[in-house]
Amino acid sequence: MARQYSWRGYVSVFLFLSVMMNTASTVTHYSVPEEMEEGSVVANLATDLGLDVKTLNKRKMRIDVTGNTKYLDINKDTGELFILERIDRELLCPSKTTTSCFLKLDATIENPIRMFNIEVEIMDINDNAPNFRRGTMHLDISESSPVGERFSLNNAADPDVGTNSVKDYHLSSSEHFSIEIQTGRDGTKFADLIMNKDLDREQQAVHNLILTAVDGGVPTRTGTASIIVRVLDVNDNAPSFDKDKYIVDVMENSPIGSLVIKLNATDLDEGSNSDIVYSYSLYTSERTQQVFNLNPENGEIRVKEMINYEDFKLYDMEVIASDKGPKSLSGQCKLSIHVTDMNDNHPEISIKSFQSPIKENEPIDTVIAVVSVSDKDSGDNGVVDLRIPDNMPFILRESSDNYYELVVSQPLDREKVPEYDITFTVTDRGSPPLSDNETMTLELLDVNDNVPQFPQSFYTIRVMENNAPGALLSSLTAFDPDLHENQYLVYFILEKEIANTSMSMLFSINPENGNLYALKTFDYEIENEFLFHIEARDSGSPPLSSNVTVHIIIVDQNDNAPVIVSPWRAHGSVVEEKIPRSTDKGSLVSKVIALDTDSVHNSRITYQFLQVTDATLFSLDQYNGEIRTMRMFSYRDPRHQRLVVVAKDNGEPALSATVTIKLSTVETAVKAYSDMTEVPLEYDIFSDLNLYLVIGLGSVSFLLLITILVTIVLKCQKPKPSKAAPPCRNSVISERNSTIADSTLVSNDAYWYSLFLAETRKGKMVARQPVPKGSRYIVSSLPRGTGLTGTSDSAASTLQLLDVNDNVPQFPQSFYTIRVMENNAPGALLSSLTAFDPDLHENQYLVYFILEKEIANTSMSMLFSINPENGNLYALKTFDYEIENEFLFHIEARDSGSPPLSSNVTVHIIIVDQNDNAPVIVSPWRAHGSVVEDKIPRSTDKGSLVSKVIALDTDSVHNSRITYQFLQVTDATLFSLDQYNGEIRTMRMFSYRDPRHQRLVVVAKDNGEPALSATVTIKLSTVETAVKAYSDMTEVPLEYDIFSDLNLYLVIGLGSVSFLLLITILVTIVLKCQKPKPSKAAPPCRNSVISERNSTIADSTLVSNDAYWYSLFLAETRKGKMVARQPVPKGSRYIVSSLPRGTGLTGTSDSAASTLQRRKVKPVTQLPSNHSPSHTIGAWYSLIDLNPHHYMIKDLPNPCTRSVFCLKPLSA
């Protein structure tokens, strides 16, 4: 509790000094009130003790407290004693027996040491309020207590002393109680409660009083306590009933224990004084007490025995209610009970026959049950009626007295009601009527009479495009109310082809649960909806089925960016246009048109500038893409303007496309006219200079091409072989004859010598190299003395080789290109891809496969099929050029050998376009079938651009070539239409006679057979302008305008091609004039098939890589001559090189070369003069004609003995 004091600074100090003689110590006394603020000054201790203030710090003066808490301290600078901590007298001196409270201190100084005793008296202030130990006091007083009785109360305590303690008590106002204040021996005050008036619990059971204690301080403080007086009850009230007499009606035959009446007596007392006990009086008969039972606790009267109206009709009784007080009090009432007669015999029902279960298709009038009824009563109480519920398909038909038949009255349906609980109710005609009932359950057996039912007759399923194959689309579950096998359903997709594609190739349905799946990824731009039927069929006999229509809607995603269709430009190129510098404000410069193949929402396109050279010069309509001038050109505006326009669709996220338009301003001889932004005509720009440059460039390019072709032909041309050259073996292998004698092969074809070596002495033939399998060879043997040409006496045998699987199948082509016309019939034969295997039997039997490859998640096996036996390739679906125009895959041919060998070939399917798509008008844009309305100034000059029609055709290039022409025109002399670019221009200026509205119908026709077309109607309205009309705009071709960029490119191209032509001619001349260096390798081959051969001759035995030379010549080195074995082709020459015997067969550097030439007696031409003598043993040798079959080299030098000769053919 915060306390405020009226003093600040120094306080009143009572100083008592006791001076003792000699060594007696001095005690200094001070008195201060409690709860002073910290820092308050008590007294100037230094002054009171006679000390010098300036020496206090030096003499280390300090205050020591007797106890733990230091409440006071001294300021060594001023010598003042001050409050260090707030002092609470009640805490410091808790005992109230002593009126004084002292705080003892010791003050000590040094130099010299002195000690002073200090006593501080703590004065009490009224800082505590009186407080009761218990805030609530409870008193229980009987309502029979006499007036003036006293009751002791708890006193209040106050920690303060003297006049600040409790002085008085006050009681809240009450007519029943007051207080009297008493004083104890120790002076404490307490109060007694005195009852002034009798208490009545029934009027007021509790009295709430407030006792207040007041102290004697200034200001006074108080404390309160609550006194709760409870009045205790005494038995001073008798029980009483609501009525003095009760009359009650009771039905005869009431069940035992049934309640007749409940008596209720009340007592105003409480506790045991209010507890009531009920009992019969002596005036109640014993019969009544036997029939009815009285509950003594709650006063309920219940039936104790069966009541019979015929025995007693009235019962009288008297009931007494007594309380349980010490002196019991009581009250009574009378009760009359009247008995009411009733119909107490129930009718009876008996089921004689009942048939269950039955089929649900039982016919009407079928008897199901037979029932009989009876009642023991007589009169009306014995007359009975039988009935069943009205809402059942059955009726009761009386067959005889009290006998009834239950028959079918309506068709039964187990699916609506599977079973019937038939309740037969019999009722008599008594009052009240009595009844009885019997319930029987009739079960119905199921028959298959319900078709499966879908919850909806039409399903619309939305599928987001680019879905994953196999995605669950919906669950189409039908319900069949039948049971068991009649209820089991199987689901099918009813076959329907869309664009020759079966629904089963696009969708799949789980036959058990009806889950519908997508088998492929759908593209909104190709197909955006499918409509087919799904059938649900039960398993009954016979089975029943129903179908539902499914409408698959492909929901578009923004997966296609806008495509700029106008102004047209090559991919990524810049659109260049020209505009007169005199163009008026608001003139149409260009119009950007973009198309988006997405849905309507995603394909809404807006246009905006991405870059613009001068933002103040041009404006762009964000909805129709029109670019117009915002002001006229000034002399400060640059000649070239660059506009980058972005076309953005409305998808999320948005996709866009851009087009760059480069505008060049041109000067005109007259003022520009409004809305004229077209470039000058093509024939004005393409001048004579351009024509000459193009002709020159074409001529030089043609000469360059001819020169390159001639050079290639000359370099690739091969020399013709000599007509006298010996025959060579070729690629066609026929049966050959080989004559073998003396282990030396003598043959007309050296090919066989390369295959076999005959060893006649050992009676065997050895294969030199792998022999072609499946071939046969005739081997003839000759006597040793037989001539070379005779074969009549030879013995022939056949050599046959067995096949192994060592050849892979070979296709005639490594790449097949097959053209297929679009809209083909499924199953059409495309081509026959047959491979060849040279092996035999099972190694030759081929099987064909399509190597799996997926294109857009579609397997090739779903598009094409190949006959595995003959390689016939078929199409499985109808192809559309506009969707897919080519396929590339591989076909494998595999033989049946062990192990199997295979090869594959690439097949390129090209879908050929048909003209099956009509042109689509994309500009000017209009709603479907609507008229395009546009405005044009009446002052428009001749040749001005009015509008531009742009049509697109999705067919191929040939079929999509579009031409434009007028179908209808209001005035044919006023407008012209360019048949290639669709530009509509004025042919003359408007006159006052021309109507204000002009109607133009333009047809866009493609180039297909037959041609398809589309039309657009343009309604032009002429408007008056504020400016003057001008005449036709004609270009004033400036010099720099004529020599445009086109001319520069033509000049550069002409110079480049001319330079290439000159370089090509020079290179050709150098190559033709250069002589080939003599080859160090072996001389050329004898023909184009067999390469250069080396024949080494030694010891009359031919050791050679080519047996052909051996068949011509036999070298006899010991005799120094060479013998021709057979006629030598005339005009041929051969180089004879001699090598030392120990030299290898491939070296020819040290050999001596000679030329062997067949002719008459004319010597052979000598060696060239530059031939080194070190490479020649002797001079050239001439050939002596000995006989038609034998030749000899004469004058062979002796060093040639024991030499090896190499024969090489020379050109004729």
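Residues numbered from 1 in each chain as written. Predicted model: local features only at pLDDT ≥ 70, side-chain atom pairs only at ≥ 80, totals over all residues. Heavy atoms only, no water.

Moving on, we come to the overall build of the protein. Each helix and strand in the protein was counted, giving 9 helices and 84 strands. Within the protein, buried positions represent 40% of all 1212 residues. Carbon and sulfur atoms make up 53% of the accessible area of the protein, which totals about 67,900 Å². (Helix = DSSP H or I, 4+ residues; strand = E, 2+ residues; numbered from the N terminus. Buried < 20%, exposed > 50% of the residue type's maximum accessible area, 1.4 Å probe, protein only. Areas by Shrake-Rupley, 256 points an atom, 1.4 Å probe, with all protein chains shown as cover.)

On the basis of which strands lie adjacent, the open sheet formed by 3 strands has the order β59-β64-β63 and antiparallel pairing. Across the chains shown, the open sheet's two edge strands, defined by having one partner strand only, are β59 (829–832) and β63 (864–866). Averaged over all neighbouring strand pairs, the angle between strand axes comes to 20°, with direction disregarded. (Pairing = 2+ DSSP bridges. Axes fitted to C-alpha atoms, helices over the stretch in contact; angles between N-to-C directions.)

Next up on the list: the pattern of salt bridges. Taken as a whole and judged by the stated rule, the model has 24 salt bridges. Close ionic contact of R287 with E305 constitutes a salt bridge, the shortest N to O distance being 3.4 Å. Of this pair, R287 sits in helix α3 (residues 286–291) while E305 is found in the loop between β23 (300–303) and β24 (314–323), placing the two residues 18 residues apart along the sequence. Residue class for R287 comes out partly exposed when judged on its relative accessible area of 30%. Across the pair E983 and R985 runs a salt bridge whose closest N-O atoms are separated by 3.2 Å. R985 matches E983 in its accessibility class, with the two residues each being buried. (Salt bridge = Lys/Arg side-chain N within 4 Å of Asp/Glu carboxyl O.)

This part is about the environment of V550. Here V550 shows up in strand β42 (residues 545–555). Using a relative accessible area of 0% as the deciding quantity, one classes V550 as buried. Not counting the four nearest positions on each side in its chain, V550 is found in contact with Y459, I461, L476, L516, F530, L531, F532 and I534. (Contact = heavy atoms within 4.5 Å.)

This paragraph deals with unusual backbone geometry. For the bond running from S566 to P567, omega is -5°, close enough to zero to count as cis. On the secondary structure map, P567 appears in the loop between β43 (563–566) and β44 (575–580). Cis rather than trans, the peptide bond between E652 and P653 has omega equal to -5°. Secondary-structure assignment places P653 in the loop between β50 (640–648) and β51 (656–666). For N402, which is not a glycine, the phi torsion comes out positive at approximately 60°. Of note in this structure, N823 is not a glycine but carries a positive phi near 65°. Here N823 falls in the partly exposed class, since its relative accessible area comes to 38%.

Looking now at the environment of N843. Counting through the fold element by element, N843 comes out in the loop between β59 and β60 (846–850). In the structure, N843 is positioned 56 residues away from P899 in sequence and 9.5 Å away in space, judged by C-alpha atoms. Other than its neighbours up to four places away in sequence, N843 contacts D803, V804, N805, D837, D895, G897 and S898.

On to the nonpolar core. Within the largest apolar cluster, 29 residues are counted, with the highest numbers of intra-cluster contacts made by Y30, L45, L51, M61, L72, L105 and V120. Breaking this core down by element, the ones donating at least two residues are β1 (27–33), β2 (41–44), α1 (45–49), β3 (62–65), β4 (72–74), β5 (80–83), β6 (102–109) and β7 (114–123). (Core = buried A, V, L, I, M, F, W, Y, C linked by side-chain atoms within 4.5 Å.)

With that out of the way, let us pick up the packing of aromatic side chains. A complete count under the given rule lists 19 aromatic pairs for this structure. An aromatic cluster is built from F507, F522, F530 and F532, whose rings are joined through pairwise contacts. (Phe/Tyr/Trp six-rings, centres within 6.5 Å; stacked < 30°, edge-to-face > 60°.)

Looking now at a nonpolar patch on the surface. Residues F702, L703, L705, I706, I708, L709, V710, I712 and L714 make up a contiguous nonpolar surface patch of roughly 790 Å² in combined accessible area. Along the chain, F702 falls in helix α5 (residues 688–716). (Patch = residues over 30% accessible without salt bridge, like charges linked within 9 Å, V, L, I, M, F, W, Y side chains within 5 Å.)

Structurally, D158 is set in the loop between β11 (156–157) and β12 (166–171). Given the relative accessible area of 4%, D158 is considered buried.

The next point concerns the pairing of strand β14 (residues 189–195). Counting buried residues in β14 gives 5 out of 7 residues, a clear majority hidden from the surface. Examined bridge by bridge, strand β10 (residues 150–152) and β14 share 3 bridges and lie antiparallel to one another. Looking across to β14, one finds that S152 is bridged to D192. Strand direction decides the pairing type here: strand β13 (residues 177–183) and β14, joined by 7 bridges, are antiparallel. Counted as the bridge partner of Q182 is F190 from β14. With antiparallel pairing between neighbouring strands as the criterion, β13 and β14 make up a hairpin whose turn holds 5 residues, including G187 at a positive phi of roughly 90°.

Regions with low pLDDT carry predicted coordinates that are not meant to be interpreted in detail. The predicted model of the protein averages 77 in pLDDT, with 74% of residues at 70 or higher. Of the regions scoring below 50 in pLDDT, residues 1–25 engages in 43 contacts with residues more than four places distant in sequence or in other chains. Confidence drops under a pLDDT of 50 for residues 1079–1111, and excluding neighbours within four residues, the segment shows 85 contacts in the predicted structure. (pLDDT = per-residue confidence, 0-100.)

With that settled, the discussion passes to the state of the cysteines. The tally for this structure, following the rule as stated, stands at 1 disulfide. Disulfide pairing is shown between C93 and C101; the S-S distance is 1.8 Å. Given an S-S torsion of about 75°, the disulfide between C93 and C101 has right-handed geometry. In this structure C93 comes out as buried when scored by relative accessible area, which is 19%. (Disulfide = S-S within 2.5 Å.)

A few words now on the pairing of strand β49 (residues 626–629). Note: strand β45 (residues 588–591) against β49, 3 bridges, orientation antiparallel. The partner of S590 across the bridge, within β49, is I627. Relative to β49, strand β48 (residues 618–620) runs antiparallel, the two being bridged by 3 bridges. Looking across to β49, one finds that F618 is bridged to T629. Where β48 folds back onto β49 in an antiparallel hairpin, the turn is made up of 5 residues, including G625, whose phi is positive at roughly 75°.

Another point: the side chain of D994. Of note, D994 is situated in the loop between β73 (983–986) and β74 (997–1005). When its relative accessible area of 8% is taken as the criterion, D994 is described as buried. A distance of 2.8 Å separates a polar side-chain atom of D994 from the backbone nitrogen of S991. For D994, the residues in contact, after removing those within four places along its chain, are R938, D971, L974, R988 and M989. (Polar contact = N/O pair within 3.5 Å; in protein donor to acceptor, adjacent residues only side chain to side chain.)

Once that is clear, we can look at the sheet that holds strand β34 (residues 458–464). Here we have 4 strands laid out as an open sheet, ordered β34-β42-β41-β36, and mixed in their pairing. Lying at the two open borders of the sheet, with one neighbouring strand each, are β34 and β36 (489–494). On average, each strand axis in the sheet is tilted by 30° relative to the strand beside it, whichever way the strands run.

The subject of this paragraph is the environment of V907. As for its placement among the helices and strands, V907 is situated in strand β66 (residues 902–912). Spatially, the C-alpha atom of V907 lies 6.1 Å from that of T817, the residues being 90 residues apart in sequence. Contacts of V907, omitting those with residues within four sequence positions, involve Y816, I818, L833, L873, F887, L888, F889 and I891.

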